[in-house]
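# An overview of the molecular structure
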Amino acid sequence: MRTAYRVETVRTAERALMDRLPAGTLMARAAAGLAAACADLLPSGRSRRVVLLVGGGDNGGDALYAGARLARRGVGVTAVLLAPDRAHPGGLAALRAAGGRTTTPDAAAAALARADLVVDGITGIGGRGGLRPAAAELARAVAAAGAPVIAVDLPSGVDPDTGEVHGDAVRAALTVTFGTHKPGLLVDPAAEYAGRVRLVDIGLGPELPPGPDLTALEPADVAALLPRPGAESDKYRRGVVGIAAGSARYPGAAVLAVGGALRGGAGAVRYAGPADAAVIARYPEALVSTGLPHRAGRVQSWVVGPGVGDDREARERVADVLDADVPVLIDADGLRGLDPARVRARSAPTVLTPHAGEAAALLGTSRPEVEAGRLAAVRALADRFGAVALLKGSTTLVADPAGGAVRANPTGTAWLATAGSGDVLSGLIGALLAAGLTPLDAASAGAYLHGLAGTHAPVPPMASTITEALPAVWHELLGEPRGR
Ligand SMILES: NC(=O)C1=CN([C@@H]2O[C@H](COP(=O)(O)OP(=O)(O)OC[C@H]3O[C@@H](n4cnc5c(N)ncnc54)[C@H](OP(=O)(O)O)[C@@H]3O)[C@@H](O)[C@H]2O)[C@@H](O)CC1
Ligand SMILES: Nc1ncnc2c1ncn2[C@@H]1O[C@H](COP(=O)(O)OP(=O)(O)O)[C@@H](O)[C@H]1O
Ligand SMILES: [K+]
């Protein structure tokens, strides 16, 4: 599991560690890791030029010490000092002693134009509230120059704790972060500015508290969560999913959700609704009925909402499912006008899977506001509805109403933004709920599988090819021969 901690926690842990170590040790470790990452990215052979963007804090100090290491190896290093009187004195002395040069922001463009690599040390965890004008101008100059950028600890201009980006920020190919991930590195829009992320161990681990603020599942975590049938399994023990999706107008949503549930490893899928003919034509495995969901037979979870429409009949189906004493996933049309009190009053857990527009409607805010502040939005949803909230989009986030770390989904591609893709996800999570995973695990493992299937499906994927890619994803994660 990848873990991320907020700035306040990182600062406390760093202080505790620094108290036990000689002065400058942590920065030396950080700079060594940073210099190694720079060396990996620099072309070999010919004369190489690196430009350091240096702010007035320790983030700039890291850049200067790393620059000194590179200069000692024969790299041409120029430091652009944003605040010359406050640049880290030790770092500056080290750079100069190693033969590095310094310059001012007004001369930055010329240096950047010839750079093979730019090191962004403007701000790290001390940066707040969007870059100030001089720093923002430098960020724009870097973008215009086009050289690859390595961000020190964080791309300057992004909010470390929330992943929000206000105004200009530096766009990096790689971020070298120290001690632990910061939430902003794993949550869009900031995650997009960070590029790839490399974690440098500076010995902080033992000082960090057990409860991170954000986590991201890794393949082994997902493999451990995925249900596997055993000798004593039968279709009922593996979990039966009920799907109340689709309508005469939108039969496709039913087909896609049922497909997601079948490829989510359900023992059986019961479909209840008016799209029975379409479902059975595509999936003869499904058990179909046309009455209200509670008449469909026993299930261990329900998925309700995709393509049900918003007429009286649709509202009846949603209300019927909300009465069920099993975990329920509510998506799409099922989320329209959803009453938090009704969800809170349910006897079994609920999972909500809105995209940003649906989340905005549920929270009484706007879509851009949700997209700009995804972490706050997903926490607010979980809190308000007393439900596990999965916010879809560029970074899918999952929050538990009990609090604890939010999970950021590390898989996926923007190609997943295709009609019906969310219906597949809802069926998939429904199957994992029916198998007995906790709602938080079912939602985050489902998002992980779905994202990976999106990257495995032939380009451009469509919703049904995401479903078809799921077996290869299971196979890859479980590492077992097919069918075993
Ligand atoms: N502690 C440790 O053990 C270790 C820490 N390490 C490193 O230290 C970093 C933290 O250093 P830090 O605390 O000095 O803050 P930092 O990120 O350099 O930012 C402060 C500077 O930015 C400026 N500034 C702020 N906001 C701004 C804005 N919006 N727009 C423009 N400028 C802005 C601010 O200006 P001021 O507000 O003072 O005028 C000040 O000059 C951390 O990320 C890691 O890289 C590693 O060496 C490992 C060990
Ligand atoms: N920019 C993006 N990057 C990665 N994944 C995305 C992006 N936009 C949407 N997705 C994913 O695509 C799926 C779309 O689901 P949804 O919005 O419910 O579509 P639909 O209702 O048409 O099925 C979700 O899994 C979502 O996380
Ligand atoms: K930085």
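Residues numbered from 1 in each chain as written. Chains lettered and ligands numbered in written order. Predicted model: local features only at pLDDT ≥ 70, side-chain atom pairs only at ≥ 80, totals over all residues.

### Brief notes about the UniProt feature "domain: YjeF C-terminal" (unreviewed entry) in the protein chain
As recorded in UniProt, the feature "domain: YjeF C-terminal" (unreviewed entry) lies at residues 218–477. As annotated, residues 218–477 has a helix share of 46% and a strand share of 13%, and its two end C-alpha atoms lie 10 Å apart. (UniProt positions renumbered as here; feature names shortened; annotations may be inferred. Helix = DSSP H or I, 4+ residues; strand = E, 2+ residues; numbered from the N terminus.)

### Quick notes on the site of ligand 2
Neighbouring ligand 2 are 18 residues, the closest being H355, K392, L416, A417 and G422. Looking at which element gives the most residues to the shell around ligand 2, the answer is helix α17 (residues 421–434), with four residues. The residue inventory of the shell around ligand 2, partitioned by class, reads six nonpolar, 10 polar and two charged. (Near = placed C-beta within 6 Å. Nonpolar A, V, L, I, M, F, W, Y, C, P; charged D, E, K, R; others polar.)

### Remarks on helix α6 (residues 133–145)
Note that an α-helix has 3.6 residues per turn; residues three or four places apart therefore point the same way. Helix length check: α6 (13 residues) gives 18 Å between terminal C-alpha atoms against 18 Å at 1.5 Å per residue, within 8%. By the burial criterion, the buried members of α6 are A135, L138, A139 and V142. The arc that holds every buried residue of α6, seen down its axis, measures 105°, which confines them to one face. Along α6, exposed side chains directed more than 90 degrees from the buried face belong to P133 and A144. Where α6 is buried, its residues touch β2 (49–54), β3 (76–81), α5 (108–113), β5 (117–121) and β6 (149–152). G146 sits one or two positions beyond α6 and adopts a positive phi of about 85°. (Expected span 1.5 Å × (residues − 1). Buried ≥ 20, exposed ≤ 12 C-beta atoms within 10 Å, placed from the backbone. Arc of directions from axis to C-beta. Contact = placed C-beta atoms within 7 Å.)

### Things to note about the site of ligand 1
What surrounds ligand 1 is a group of 29 residues, the closest being G56, G57, D58, G124 and G126. Contributing elements (two or more residues each) for the shell around ligand 1: α1 (7–18), α2 (25–41) and α3 (58–72). In terms of residue count, the dominant contributor to the shell around ligand 1 is α3 (four residues).

### Topic: the UniProt feature "binding site: AMP" (unreviewed entry) in the protein chain
Look at the UniProt record and you will see "binding site: AMP" (unreviewed entry) annotated at K392, G393, S394, T395, T396 and G422. A maximum C-alpha distance of 13.9 Å places the annotated residues, which cover 31 residues in sequence, within one compact spot. As for its placement among the helices and strands, T396 is situated in the loop between β16 (388–391) and β17 (397–399). Since 28 C-beta atoms lie within 10 Å of it, T396 is described here as buried. Those residues in contact with T396 that lie beyond four places of it in its chain are L390, L391, N409, G412 and A447. With respect to the helices and strands, G422 occurs in helix α17. Residue G422 is classed as buried on the basis of its 25 C-beta neighbours within 10 Å. Residue contacts for G422: discarding those within four places in its chain leaves D331, A332, T353, H355 and K392.

### Concerning the environment of A97
Note that A97 resides in helix α4 (residues 89–97). Take A97: there are 11 C-beta atoms within 10 Å of it, and that puts it in the exposed class. Between the C-alpha atom of A97 and that of A68, which follows or precedes it by 29 residues, the distance is 7.8 Å.

### A short note on unusual backbone geometry
Of the consecutive residues D188 and P189, the connecting peptide bond is found in the cis state with omega at 5°. Note that P189 resides in the loop between β7 (174–178) and α7 (190–194). Geometrically, the link from V459 to P460 is a cis peptide bond, its omega value of -5° lying close to zero. Looking at the element boundaries, P460 is found in the loop between α18 (439–456) and α19 (463–478). A positive phi angle, near 70°, is found at D153, a position not held by glycine. Positionally, D153 belongs in the loop between β6 and β7.

### So, the pairing of strand β11 (residues 268–272)
With five of five residues buried, β11 lies mostly within the body of the structure. The alternating pattern of β11 places A268, R270 and A272 on one face and V269 and Y271 on the opposite face, and all of these are buried. Note that the unit made of strand β10 (residues 240–244), helix α10 (residues 251–262) and β11 has a crossover that is right-handed. Sheet analysis places β11 next to strand β12 (residues 287–289), joined by three bridges and oriented parallel. By the bridge assignment, Y271 is partnered in β12 with V288. (Right-handed = clockwise from strand over helix to strand, strands pointing away. Pairing = 2+ DSSP bridges.)

### What to know about the environment of S233
As for its position among the elements, S233 is in the loop between α8 (219–225) and α9 (235–238). The spatial distance from the C-alpha of S233 to the C-alpha of G267 is 9.2 Å, given a sequence separation of 34 residues.

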